[in-house]
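Analysis of the macromolecular model
One-letter residues, chain by chain:
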Amino acid sequence: MKNIAVIGSGTMGNGIAHVFAQNDFKVSLIDIKQEALDKALQTIEKNLDRQVKKEIIDEAKKADTLKNITTYTSVKEGAANAELVVEAATENVDLKLNIFKELDQVCNDNTILASNTSSISITKIAAVTNRPDKVIGMHFMNPVPVMKLVEVIRGYSTSDEVTDQIMELSKSLGKIPEMTNDYPGFIANRILMPMINEAIFSLFEGVAGVKEIDSIMKLGMAHPMGPLQLADFIGLDVCLSILNVLHDGLGDPKYRPCPLLINMVQAGKMGIKSGEGFYSYGHGTKDLIVADTFKK
């Protein structure tokens, strides 16, 4: 397996393409807009430069990595010869189902189709294809070039052979794969999102402020960043989407999204991606400034 296609060139997609290309895979990076692909290549080069500066790789490896990536604006053209396709599009169920329907038609019968979804059912995705045994979840963590975990999600019909292949493939990327079964939120987000949601409820109910909540979790629980800062990093819209999947899929009120989170998303306060969430990012991301909304 040497030919990989990645659907979506955003934060996760370009990171996944970067990691595969750096490990000598030929990567077709696919997006609907060439501008998005050009931006992705710039991001990958910038991240490679950071690795060179830290002496993780040399200039020759950087050049080889970039040579391994070819961009396409057509799924049919970009994925036709792929042995594995990793879908990393927006966390929207209808969009993902449409992508997998198209992939099922244009890809070779033996091609494995993987999704980087953080919460959407692999079984549901697989059901729109004629190869449910070859559909699997590969949930990479952000930032992909740095984080070691790959959460491998086995759908109801995913075969043992495909599961074993993806586990071994993940290891060949220098990652540590851990397998979970296909239930809402899998493991990472089933545990993480209730914590983030509870932090938002604590702010909403006036128990403590943004700075206090994050400091307590960092200093007292040894978390590298507080839950509200992490929510901004993930994207508040993504957090809300995952909580809705958990709430709808499990029917348990403990997953009910905090009204404050819903209001912030509706107001366009998405976190880092929009420039403001629980913190303000007009100054960058190194020095956190609590957003005006939450200074009281």
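Residues numbered from 1 in each chain as written. Predicted model: local features only at pLDDT ≥ 70, side-chain atom pairs only at ≥ 80, totals over all residues. Heavy atoms only, no water.

**As for the UniProt feature "site: Important for catalytic activity" (unreviewed entry) in the protein chain**
Annotation from UniProt places "site: Important for catalytic activity" (unreviewed entry) at His139. If you trace the backbone, His139 turns up in strand 6 (residues 135–140). The contacts of His139, once residues within four sequence positions are left out, are Ser115, Asn116, Thr117, Ser118, Leu149, Val150, Glu151, Ile153, Ala188 and Asn189. In terms of polar contacts, His139 uses its side chain to reach the side chain of Glu151, at 2.8 Å. (UniProt positions renumbered as here; feature names shortened; annotations may be inferred. Helix = DSSP H or I, 4+ residues; strand = E, 2+ residues; numbered from the N terminus. Contact = heavy atoms within 4.5 Å. Polar contact = N/O pair within 3.5 Å; in protein donor to acceptor, adjacent residues only side chain to side chain.)

**Some points on the packing of helix 2 (residues 34–53) against helix 3 (residues 59–67)**
Closest axis-to-axis distance for the helix 2/helix 3 pair is 10 Å, and the angle between their directions is 160°. As summarised for this structure, helix 2 and helix 3 are arranged roughly antiparallel, according to the angle between their axes. Considering how the two elements wind past one another, helix 2 and helix 3 form a crossing that is right-handed. Contacts from Ile44, Glu45, Leu48, Asp49 and Val52 in helix 2 reach Glu59, Lys62, Thr65 and Leu66 in helix 3. Within the contact of helix 2 with helix 3, the residues separate by chemical class into four nonpolar, one polar and four charged. (Axes fitted to C-alpha atoms, helices over the stretch in contact; angles between N-to-C directions. Parallel < 35°, antiparallel > 145°, perpendicular 65-115°, else oblique. Left-handed = near helix turned anticlockwise from the far one by under 90°. Nonpolar A, V, L, I, M, F, W, Y, C, P; charged D, E, K, R; others polar.)

**Here we look at the pairing of strand 2 (residues 26–30)**
Within strand 2, four of the five residues are buried, leaving the element largely enclosed by the surrounding structure. Taken together, the five bridges between strand 1 (residues 3–7) and strand 2 define a ladder with parallel strand orientation. Opposite Val6, over in strand 2, you have Leu29 as the bridge partner. In the sheet, strand 2 pairs with strand 3 (residues 69–72) via four bridges, with the strands oriented parallel. When the sheet's bridge partners are listed, Ile30 is paired in strand 3 with Tyr72. (Buried < 20%, exposed > 50% of the residue type's maximum accessible area, 1.4 Å probe, protein only. Pairing = 2+ DSSP bridges.)

**Details of the side chain of Asp182**
For Asp182, the position within the fold is in the loop between strand 8 (176–181) and helix 8 (188–204). This buried residue, Asp182, is left without a salt bridge; Arg190 holds the nearest opposite charge, at 10.0 Å. A polar atom in the side chain of Asp182 sits 3.1 Å from the backbone nitrogen of Ile122. For Asp182, the contacting residues outside a window of four places in its chain are Ser121, Ile122, Thr123, Ile153, Arg154 and Gly155. (Lys, Arg positive; Asp, Glu negative; His and termini not counted. Salt bridge = Lys/Arg side-chain N within 4 Å of Asp/Glu carboxyl O.)

**Let's talk about the nonpolar core**
In this structure, Phe20, Leu84, Phe140 and Ile166 are the most contacted members of the largest nonpolar core, which totals 34 residues. Of the residues forming this core, the biggest block, six residues, is contributed by helix 1 (residues 11–22). Ignoring any residue separated from it by four or fewer positions in sequence, one finds Phe140 in contact with Met12, Ile16, Phe20, Val86, Asn116, Leu149, Val150 and Leu173. Judged by nonpolar contacts, the second largest core, of 30 residues, contains Leu236, Cys239, Met270 and Tyr279. (Core = buried A, V, L, I, M, F, W, Y, C linked by side-chain atoms within 4.5 Å.)

**Remarks on the packing of aromatic side chains**
In this structure the tally under the stated criterion is three aromatic pairs. A centroid spacing of 5.3 Å and a plane angle of 90° characterise the contact between Phe20 and Phe25, whose relative ring orientation is edge-to-face. Classification of Phe20 as buried rests on a relative accessible area of 0%. By relative accessible area, which is 5% here, Phe25 ends up buried. Both rings, one in Phe20 and one in Phe140, keep their centres 6.5 Å apart while their planes meet at 65°; by these two values the pair is edge-to-face. (Phe/Tyr/Trp six-rings, centres within 6.5 Å; stacked < 30°, edge-to-face > 60°.)

**A few points about the sheet that holds strand 8**
The strands making up a sheet associate through hydrogen bonds between their backbones, and the pairing can be parallel or antiparallel. The eight strands lie next to each other as 3-2-1-4-5-6-7-8, forming an open sheet whose pairing is mixed. Across the chains shown, the open sheet's two edge strands, defined by having one partner strand only, are strand 3 and strand 8. Neighbour to neighbour, the strand axes of the sheet diverge by 25° on average, direction disregarded. The pairing of strand 5 (residues 112–115) with strand 6 spans three bridges and is parallel. Note on strand 6: the bridge partner recorded for Ala114 is Ile136.

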